[in-house]
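Results of the structural survey
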Amino acid sequence: MAELDNKVVADVRTEFGKGFARRLRAAGKIPAVIYGHGHAVRHVALPAHQVGLLIRKKNAVLELIIDGKNELVLVRDVQKDPVHQIIEHMDLVEVVKGENVHVEVPIHVVGTQQSGAILELDAKSVHVLAEATHIPEFIEVDIEGAVPGFKVTLGDLKLPAGAKIDADATQLVVHVHAASGKDSGESGDELAAELADEAAHAAHKDEIHAEQHDVEKAAAAADAELSGANAEAEKFDAAE
């Protein structure tokens, strides 16, 4: 599919308020504000259908035509009606070519891990510093054939030229572990040793329980013997 033209004609807004915004949306327009680069906030109206198609891509950059002049803006925030999902308002940030911007880029996992292994997605997105007109749509993580113990951190991600991770590089993105739930980083010997320790601990608990049972049994026998002696004494006293 051909890439959509990101050139959008924007109308300057001079009216405000909820009532005007409703009339604007009814006319097929989206109210929006533009800020950044130390300029005063500007209010514009954008064509809803065209912009709705363009912002399906996260971190979309639009080339607005305002009063005959072209300028680039980054879509920073989109407010939608929670029920009908109609775009109610947009926040746009003014950018220029060659400028680096901080953005959040989705993680896309491709491939399938080894049969029987379980994939854990630790981060759905990553903060990136990228050139305004070359923001990656997503960052791909390949897990094809991954076995228990497989891990990918933010520092392992392959980014487009010029883009940089804007977060802790040691943070986990995905990891694969065994279906048993055991730590996938353990070797066979380590796992066997752990299981042996667990068995020994269980056996020790059984020994303690057995000793407690023997003590309780001996105490019960002593109580019975004492009760019998008391009964004999009562009979002897009654006979006298």
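Residues numbered from 1 in each chain as written. Predicted model: local features only at pLDDT ≥ 70, side-chain atom pairs only at ≥ 80, totals over all residues. Heavy atoms only, no water.

1. A few points about unusual backbone geometry
Located in the positive-phi region is His-37, a residue other than glycine, with phi close to 60°. With respect to the helices and strands, the residue His-37 is situated in the loop between strand E2 (29–36) and strand E3 (39–47). The phi dihedral of Asn-59 is positive, around 60°, even though this residue is not glycine. By secondary structure assignment, the location of Asn-59 is in the loop between helix H2 (48–54) and strand E4 (61–66). (Helix = DSSP H or I, 4+ residues; strand = E, 2+ residues; numbered from the N terminus.)

2. Regarding the sheet that holds E2
Strand order around the closed barrel formed by six strands is E1-E3-E2-E6-E5-E4, with mixed pairing between neighbours. Direction aside, the axes of adjacent strands within the sheet are offset by 45° on average. (Pairing = 2+ DSSP bridges. Axes fitted to C-alpha atoms, helices over the stretch in contact; angles between N-to-C directions.)

3. Re the nonpolar core
Formed by 25 residues in total, the largest nonpolar core has its most connected members in Val-126, Val-128, Val-141, Leu-157 and Val-173. Elements that contribute at least two residues to this core include exactly strand E5 (69–80), strand E7 (100–110), strand E9 (125–131), strand E10 (139–142) and strand E13 (172–178). In terms of residue count, the dominant contributor to this core is E7 (four residues). Once residues lying within four places of it in the same chain are set aside, the contact partners of Leu-157 are Ile-107, Val-126, Ile-139, Val-141, Val-152, Ile-165 and Val-173. (Core = buried A, V, L, I, M, F, W, Y, C linked by side-chain atoms within 4.5 Å. Buried < 20%, exposed > 50% of the residue type's maximum accessible area, 1.4 Å probe, protein only. Contact = heavy atoms within 4.5 Å.)

4. A word on the pattern of salt bridges
Side chains carrying opposite charge are able to pair once their charged atoms draw close together. The final tally for this structure, using the stated rule, is three salt bridges. For Asp-11, the salt bridge goes to Lys-29, with nearest N and O atoms at 3.2 Å. Linking Asp-11 in strand E1 (residues 7–12) with Lys-29 in strand E2, this pair joins segments that are 18 residues apart in sequence. Residues participating in the shared-partner salt-bridge network are Arg-42, Glu-71 and Glu-94. (Salt bridge = Lys/Arg side-chain N within 4 Å of Asp/Glu carboxyl O.)

5. Comments concerning the pairing of E2
A regular strand places its side chains so that they alternate between the two faces of the sheet. Across the eight residues of E2, six count as buried, placing the element largely inside the fold. Note: E2 against E3, seven bridges, orientation antiparallel. Across the sheet, residue Val-33 finds its bridge partner in E3, namely His-43. If you look at the hairpin formed by E2 and E3, you'll find two residues sitting between the two strands, and His-37 has a positive phi there, around 60°.

6. So, the pairing of E1
As judged from the four bridges shared by E1 and E4, these two strands associate in the parallel manner. Note that in E4 the partner of Val-8 across the bridge is Leu-64. Here E1 runs beside E3; their pairing, made up of two bridges, is antiparallel. Among the inter-strand pairings, Asp-11 is bridged to a residue of E3, identified as Ala-45.

7. Section: the environment of Asp-81
Among the structural elements, Asp-81 can be located in the loop between E5 and strand E6 (87–95). According to the relative accessible area criterion, Asp-81 is buried, its value standing at 18%. For Asp-81, the contacting residues outside a window of four places in its chain are Ile-86 and Glu-88.

8. Quick notes on the confidence of the model for the protein
Averaged over the protein, the pLDDT score is 82; the fraction of residues at 70 or greater is 73%. At the low end of the mean pLDDT range in the protein sits helix H3 (residues 188–239), at 57; at the high end sits strand E11 (residues 151–153), at 96. (pLDDT = per-residue confidence, 0-100.)

9. A closer look at the environment of Ala-130
For Ala-130, the location among the structural elements is in strand E9. Since its relative accessible area comes to 1%, Ala-130 is described here as buried. With 27 residues separating them in the primary sequence, Ala-130 and Val-103 have C-alpha atoms 7.5 Å apart. Residue contacts for Ala-130: discarding those within four places in its chain leaves Glu-99, Asn-100, Val-101, Ile-135, Pro-136 and Ala-163.

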